[in-house]
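One-letter residues, chain by chain:
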Amino acid sequence: MIQRNNRGGSGRMIHAGMAVLIVPILLIVLSCGSKQKSLSAFKWPDVSRECKPWTYWWWMGSAVDKSSLTKNLEDYNKAGIGGVHIIPIYGVKGYENHFIPYLSQEWMEMLAFTSQEAARLGMGVDMTTGTGWPYGGPNVDPGNASSKVRFETFTLLEGGNRFTHTFAMNGFMALMAFPKEGTALDLTDKVDRGTGNIDWEAPSGNSWSLYAVFQEGTGQQVKRAAPGGEGNVIDYFSAVSLKNYLARFDSAFARYGKTIPLRAFYNDSYEVYGSNWTDDLFREFIRLRAYDLRMFLPELTGKGQNDIVARVRHDYNETVSDLLLTQFTVPWVMWSHDKGCFTRDQAHGSPGNLLDLYAAADIPETEAFGTSGFPIPGLRIDPDMPEHFGKPDILVEKFASSAAHVTGKQLVSSESCTWLGEHFKVALSQVKPEIDALFVAGINHVFFHGIAYSPKDTPWPGWLFYASTNFGQSNTFWRDFPELNAYIARCQSFLQNGLPAHDVLLYWPIHDVWRTGADEDMLHHFQVHNANQWFYGTPFHDAAQTMWDRGFTFDYISDRQIAVLKYSSGEIRTGADACKVLIVPGCGYMPGETLEKLVNLARSGAIIIVTGSLPEDVPGLANLREGRQKIHASLDEIRRKTAERDGIKVSPVGKGAFLVGSDLERMLTMAGVSREPVVDKGIEFVRRTYGSGYHYFMTNLGEKTVDGWVPLGVKAASAVIFDPLSAHNGSAEIRKGNNGETQVYLHLEPGQSLILRTVSSGKIGGPKWEYREPDGDSVGIQGPWEITFVDGGPKLPQKVRTDSLVSWTELRDTDARNFGGTARYTVTFRNPALKADDWMLDLGRVCESARVRLNGEDKGCVWCFPYTLSLGSSIRDGDNILEIEVTNLGANRIADMDRRGVPWKIFYDINFVNIKYEEFNASVWLPVDSGLIGPVRLQPVKYRFAEKK
């Protein structure tokens, strides 16, 4: 098994009852980067398997065989995939005799073979701790299955003081009587356990409400289960349930010891529907909250005085959150470590504090679902995208990266490009900006979602998973897929190097959310799809959006994580990193311990910024008196010497201070926090430190070109531009602005990205970055064009000669209308009678990617915006032969198959649905534009800083 290193960060987490819980933080040391690795100015970081993109890999029916496993892995490796994540799911019709029961000896042998073959190829293997999702299976009996609470209520009016009833005792937990005035009575023991009968005479002079509490199973079964993985979903709030569930894995792995080189176990996003209870909830509630929840059942169900209802609901949500962390996530992490493996965890969707749950795993993982809709000119957005999908949100994705940064985790992963568009209609050009957005959110370990294993020689389109973008061999873009993978690997080699360079910690006031109205099951679920219910419109989101828009760098932080902060040498230390200030967005409620900790940090010298007003109360009913004493003592100390300065209240506390006001940017400036002015140019970025300076990943996801001098938020003596698309680099033009700030000259077309390495001191030699600008009018390349179809199906259309460029679906040959694959466009043109430093080839509209050769020399592949590339000195005098091999989408080919009734949708369970989760039927599709549409032009350019060469 792989070796683990404890390195950096703090593993200490403060339990909900403020007890100390030690959680080992296991950090991965990669060959492509360490915490502060110095690199020569022009050296690209080494690319490890972690730097390459990985992929979800669905084993349909686990109907795998060794020769096909080898073939698939070798294909992925050749394409630039660094690792696979095995998820067994439902099977394929007609292959029933090949199904391998999950965790059987044969299945384990296939897992061992896969991991060994991957190791041979330098690849990694992760696996879900189960099949489909969520966790569950045949060894989960009803007593260990997910459960919910049910209440039966009865009313005894004053004068009617006798209660007789027979309860069905299955799942019976408690019976409580609540008087109109006075103290509740526990009637649980008055119910006969054998018969369920009760005959109780209520004290006179009161009306009574009786609450009977029952625990019952949700009935949820594992979704999309593989053969041998069917069964109940486990109770995610019970360590006993988890232990019993994992016993099956203990038995399966026992015979192999530590000979299966798995890297990590995985837990998918929380989709346990309706589960809100566990066997020990009443007892755990007393332990964690120090009072008996049974005495507040009316408030739990929403009846009673509003403030008490909010406090009880808060304490209930916090208790469930604590149980999900301490009874499921942490034990699962520990179990995985005992197996010699790391963990990847998707905390979102759960009724828990996302920051704490993400932080408990070795590799926190977010999810990018749907399309962002960037205004990049020409970027296609599927018009059928359902509204309920929502849009990927960088500020939501930052929950995972923040947890990693604050606790010192090197990797942050993402389930990437899930449902990016309709099946067979997603191009590489649509993938890149979504990946770029993940990078600026702090993600540095991309997982495609994904690829379904297909046996070798399976007819097109192979085996497919219904809820994904197909990144497998059957996708027509597979031919140019290595270009995307190489781009991601180059980016991630930088993004996995060094440390995040963020100035601000932003407190997440989850307690305000827990006090508000929840879902029908009384719990708040923090999904990526429902951020409007818990994130948008809050002071927390407002602060995050303001800082993002204005170029301030920040991470989120939770109460538990605040509890272990330290202040030293002018910085707030998280254990793995350091920040300048901590922000508390406007909130009404905060645990007394948290505000007390903030005051202690200020005493040591920290600056605490509060937007709006300071919290005035504690959120729950637990330890209310003690909590209020702490918060009031802290408030008294903060307000003791408050002075107002231009609308901002400044409260010195010890060596530090609290700044309270509504102008967040001005308070950040007062605290000495500088922003990154690159955002003023429309550039999105993420910044990291390395041994000699900073690494920036910058991307233009807007509609306007960035061209000019761009100021940076850090000082630099020199800088190098790295183009992760072409692998070219060169020293940037750099100067000092009027205010002494460092300025770098940047040119970014819409959709373009670059990496900037700053060097803090000293000038560097080496090649100069080639800044190009137009030098005269462009020259069109006219036909005739010869179009030869070279690869694809269902059959190769005939060769065509044409004077004009149009979609090949408009050609007379009906085979072209149904074709999915690659065609070669060949044209001869004469050298333009112009002088230029360089010539840029602009292909105009390309559907969808193109490889270019000029006079037999490969010039590169264009697969994303802008569709241009440099021809350099390859243009010769006289005639030049230009060859452009263009690959389209698979949409027209699959539409033809559906029109002909070819039976390719042969999967069990949900089979294959469209993006609206309706039966997939491409037979009604109109032809999708394909090929080189142009116009194709040659643009003469000159080098902007040629005089400095």
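Predicted model only: the values in this text are computed from it and were never measured.

Some points on the overall build of the protein
Reasoning step 1: In terms of helices and strands, the protein carries 19 helices and 50 strands.
Reasoning step 2: Rg of the C-alpha trace for the protein: 31 Å, near the compact-globule value of 30 Å for 949 residues, within the 12% margin.
Reasoning step 3: Here the C-alpha coordinates of the protein stretch approximately 110 × 75 × 50 Å along the principal axes.
Reasoning step 4: Expressed as a percentage of its 949 residues, the buried residues of the protein come to 62%.
Reasoning step 5: Of all intrachain contacts in the protein linking residues separated by at least 6 positions in sequence, the fraction that spans at least 24 positions is 79%.
Reasoning step 6: Taking the average location of the 97 positive side-chain charges in the protein and that of its 110 negative ones, the two points are 5 Å from each other.

A closer look at the packing of aromatic side chains
Reasoning step 1: This structure, assessed with the given rule, holds 87 aromatic pairs.
Reasoning step 2: Considering the side-chain rings of F285 and Y291, the 5.0 Å spacing of their centres and the 90° angle between planes classify their relative orientation as edge-to-face. Of the two residues, F285 and Y291, both sit in the buried class.
Reasoning step 3: Judged by centre distance (5.7 Å) and plane angle (90°), the rings of F424 and W904 are edge-to-face. Of this pair, F424 sits in the loop between β17 (413-418) and α9 (428-440) while W904 is found in the loop between α19 (891-900) and β49 (931-934), placing the two residues 480 residues apart along the sequence.
Reasoning step 4: Take F424: its relative accessible area is 16%, and that puts it in the buried class.
Reasoning step 5: Taking NZ or CZ as reference, K398 lies 4.7 Å from the ring centre of F554, over its face.
Reasoning step 6: Sitting over the ring of W460, R893 keeps its end group 4.2 Å from the ring centre.

So, the packing of helix α8 (residues 394-407) against helix α13 (residues 539-550)
Two quantities define a packed helix pair, namely the angle between the helix axes and the distance between the axes.
Reasoning step 1: For the pair α8 and α13, interaxial distance at closest approach is 11 Å and the crossing angle is 95°. In terms of orientation, α8 and α13 fall into the roughly perpendicular class. In contact with I394, L395, K398 and F399 of α8, α13 contributes F540, H541, A544, Q545 and W548.
Reasoning step 2: Counted by class, the contact of α8 with α13 contains six nonpolar, two polar and one charged residues.

Observations concerning helix α3 (residues 239-254)
Reasoning step 1: Over its 16 residues, α3 extends 21 Å from the first C-alpha to the last, a length consistent with the 22 Å expected when each residue adds 1.5 Å.
Reasoning step 2: The largest bend in α3 amounts to roughly 30° and is located at L246.
Reasoning step 3: For α3, the full list of buried residues reads S241, L242, Y245, L246, F249, A252 and F253.
Reasoning step 4: At the N-terminal end of α3, a side-chain oxygen is found 3.3 Å from the backbone nitrogen of V240, two or three residues along, and the residue is S238.

Details of the nonpolar core
Reasoning step 1: Of all hydrophobic cores here, the largest spans 266 residues; its most connected members are L582 and F658.
Reasoning step 2: The greatest single-element share of this core, amounting to 11 residues, is contributed by helix α6 (residues 306-338).
Reasoning step 3: With residues near it in sequence (within four places) discarded, L582 still touches L505, Y507, I557, I562, L565, I572, L598, I607, I608 and I609.
Reasoning step 4: If you look at the next biggest cluster of nonpolar residues, it comprises 21 residues, including I683, L712, A732 and F945.

Section: the environment of F342
Reasoning step 1: Mapped onto the fold, F342 is located in strand β15 (residues 342-345).
Reasoning step 2: Expressed as a C-alpha distance, the spacing of F342 and R263, which sit 79 residues apart in the sequence, is 6.1 Å.

Notes on the sheet that holds strand β45 (residues 849-854)
Reasoning step 1: In space, the six strands of this open sheet follow the order β41-β40-β42-β48-β45-β46, with antiparallel pairing throughout. Looking at the sheet topology across the chains shown, the edges are occupied by β41 (800-802) and β46 (857-862). On average, adjacent strands in this sheet sit at an angle of 20° to one another, irrespective of strand direction.
Reasoning step 2: Pairing of β45 with β46 involves five bridges; the strand directions are antiparallel. Among the inter-strand pairings, A850 is bridged to a residue of β46, identified as V862.

Considerations on helix α16 (residues 624-639)
Reasoning step 1: Over its 16 residues, α16 extends 22 Å from the first C-alpha to the last, a length consistent with the 22 Å expected when each residue adds 1.5 Å.
Reasoning step 2: Burial in α16 covers these residues: L624, G627, I631, S634, L635, E637 and I638.

Details of the confidence of the model for the protein
Reasoning step 1: Averaged over all residues, the pLDDT of the protein equals 94, while 95% of them reach at least 70.
Reasoning step 2: Note on residues 1-38: pLDDT under 50 across the span, and 126 contacts to partners over four residues away in sequence or across chains.

What to know about the sheet that holds strand β24 (residues 578-579)
Reasoning step 1: Strands sit in the order β22-β23-β24 across an open sheet of three strands; the sheet is antiparallel. If you trace the sheet from one side to the other, it starts and ends with β22 (566-568) and β24, each paired once.
Reasoning step 2: Bridge count between strand β23 (residues 571-573) and β24: two bridges; the pairing is antiparallel. Residue I572 lies in a different strand from β24, and its bridge partner there is C579.

Details of the side chain of S413
Reasoning step 1: Relative to the elements of secondary structure, S413 occurs in strand β17.
Reasoning step 2: Residue classification places S413 among the buried residues on the basis of a relative accessible area of 0%.
Reasoning step 3: At 2.7 Å, the side chain of S413 and the side chain of E365 are in polar contact.
Reasoning step 4: Excluding anything up to four places from it in sequence, S413 contacts R344, I363, P364, E365, T366, I443, H445 and F447.

Things to note about the side chain of T129
Reasoning step 1: Counting through the fold element by element, T129 comes out in the loop between β5 (124-128) and β6 (136-137).
Reasoning step 2: At 3.1 Å, the side chain of T129 forms a polar contact with the side chain of Y135.
Reasoning step 3: Residues contacting T129, with those up to four places away along its chain left out, are Y102, Y135, Y245, L246, F249, F265, Y266, W332 and W335.

A word on the pattern of salt bridges
Reasoning step 1: According to the stated counting rule, one finds 55 salt bridges in the structure shown.
Reasoning step 2: E770 is the partner of R772 in a salt bridge, and the nearest nitrogen-oxygen pair spans 3.1 Å.
Reasoning step 3: Since its relative accessible area comes to 35%, E770 is described here as partly exposed.
Reasoning step 4: Taken together, the shared-partner salt bridges in this structure form one network comprising R49, E50, D126, R263, R344 and E365.

Concerning unusual backbone geometry
In most cases, non-glycine residues show a negative phi, while peptide bonds are predominantly trans.
Reasoning step 1: Of note, the amide linkage connecting H449 to G450 takes the cis form, showing an omega dihedral of 0°.
Reasoning step 2: Tracing the sequence through the fold places G450 in strand β18 (residues 445-452).
Reasoning step 3: Each neighbour pair has its own omega, and for G783 with P784 the value is 15°, a cis peptide bond.
Reasoning step 4: Note that P784 resides in the loop between β39 (779-780) and β40 (785-793).

Quick word on the packing of α3 against α6
Reasoning step 1: Contact pair α3 / α6: the axes reach a minimum separation of 9 Å and the direction vectors enclose 30°. The angle between α3 and α6 falls in the class roughly parallel. As for the relative orientation of α3 and α6, their crossing is right-handed in sense. In contact with A239, L242, L246, F249 and D250 of α3, α6 contributes Q327, F328, P331, W332 and W335.
Reasoning step 2: Class assignment for the residues of the contact of α3 with α6 results in eight nonpolar, one polar and one charged.

Things to note about the environment of N161
Reasoning step 1: Relative to the helices and strands, N161 is located in the loop between β7 (147-156) and β8 (162-166).
Reasoning step 2: When the C-alpha atoms of N161 and S204 are compared, they prove to be 6.4 Å apart, with 43 residues separating the residues in sequence.
Reasoning step 3: Excluding its chain neighbours within four sequence positions, the residues that come into contact with N161 are L156, W200, E201, A202 and S204.

Here's the deal with a positive patch on the surface
Reasoning step 1: Residues K715, K736, K763 and K768 make up a contiguous surface patch of positive charge.
Reasoning step 2: Considering the arrangement of structural elements, one finds K763 in the loop between β37 (753-759) and β38 (772-774).

Here we look at the pairing of strand β50 (residues 937-943)
Reasoning step 1: Most of β50 sits out of view: five of its seven residues are buried.
Reasoning step 2: Pairing geometry for β38 and β50, over three bridges, is antiparallel. Its bridge partner lying in β50, R772 is registered against Y943.
Reasoning step 3: In this sheet, β50 lies alongside β39 in antiparallel orientation, the contact comprising two bridges.

Overview of the pairing of strand β26 (residues 607-611)
Reasoning step 1: Burial analysis of β26 places four of its five residues in the buried class, the great majority of the element.
Reasoning step 2: Here four bridges tie strand β25 (residues 581-584) to β26, and the two strands are oriented parallel to one another. Bridging from a neighbouring strand, I583 pairs with I609 of β26.
Reasoning step 3: Note on the crossover from β25 through helix α15 (residues 592-604) to β26: the handedness is right-handed.

Rules used in this analysis
Residues numbered from 1 in each chain as written. Predicted model: local features only at pLDDT ≥ 70, side-chain atom pairs only at ≥ 80, totals over all residues. Heavy atoms only, no water. Helix = DSSP H or I, 4+ residues; strand = E, 2+ residues; numbered from the N terminus. Rg over C-alpha atoms; globule rule 2.2 N^0.38 Å. Buried < 20%, exposed > 50% of the residue type's maximum accessible area, 1.4 Å probe, protein only. Contact = heavy atoms within 4.5 Å. Lys, Arg positive; Asp, Glu negative; His and termini not counted. Charge placed at Lys NZ, Arg CZ, Asp CG, Glu CD. Phe/Tyr/Trp six-rings, centres within 6.5 Å; stacked < 30°, edge-to-face > 60°. Lys NZ or Arg CZ within 6 Å of the ring centre and 35° of its normal. Axes fitted to C-alpha atoms, helices over the stretch in contact; angles between N-to-C directions. Parallel < 35°, antiparallel > 145°, perpendicular 65-115°, else oblique. Nonpolar A, V, L, I, M, F, W, Y, C, P; charged D, E, K, R; others polar. Expected span 1.5 Å × (residues − 1). Bend = angle between axes of the 7 residues up to and from the residue. Polar contact = N/O pair within 3.5 Å; in protein donor to acceptor, adjacent residues only side chain to side chain. Core = buried A, V, L, I, M, F, W, Y, C linked by side-chain atoms within 4.5 Å. Pairing = 2+ DSSP bridges. pLDDT = per-residue confidence, 0-100. Salt bridge = Lys/Arg side-chain N within 4 Å of Asp/Glu carboxyl O. Left-handed = near helix turned anticlockwise from the far one by under 90°. Patch = residues over 30% accessible without salt bridge, like charges linked within 9 Å, V, L, I, M, F, W, Y side chains within 5 Å. Areas by Shrake-Rupley, 256 points an atom, 1.4 Å probe, with all protein chains shown as cover. Right-handed = clockwise from strand over helix to strand, strands pointing away.

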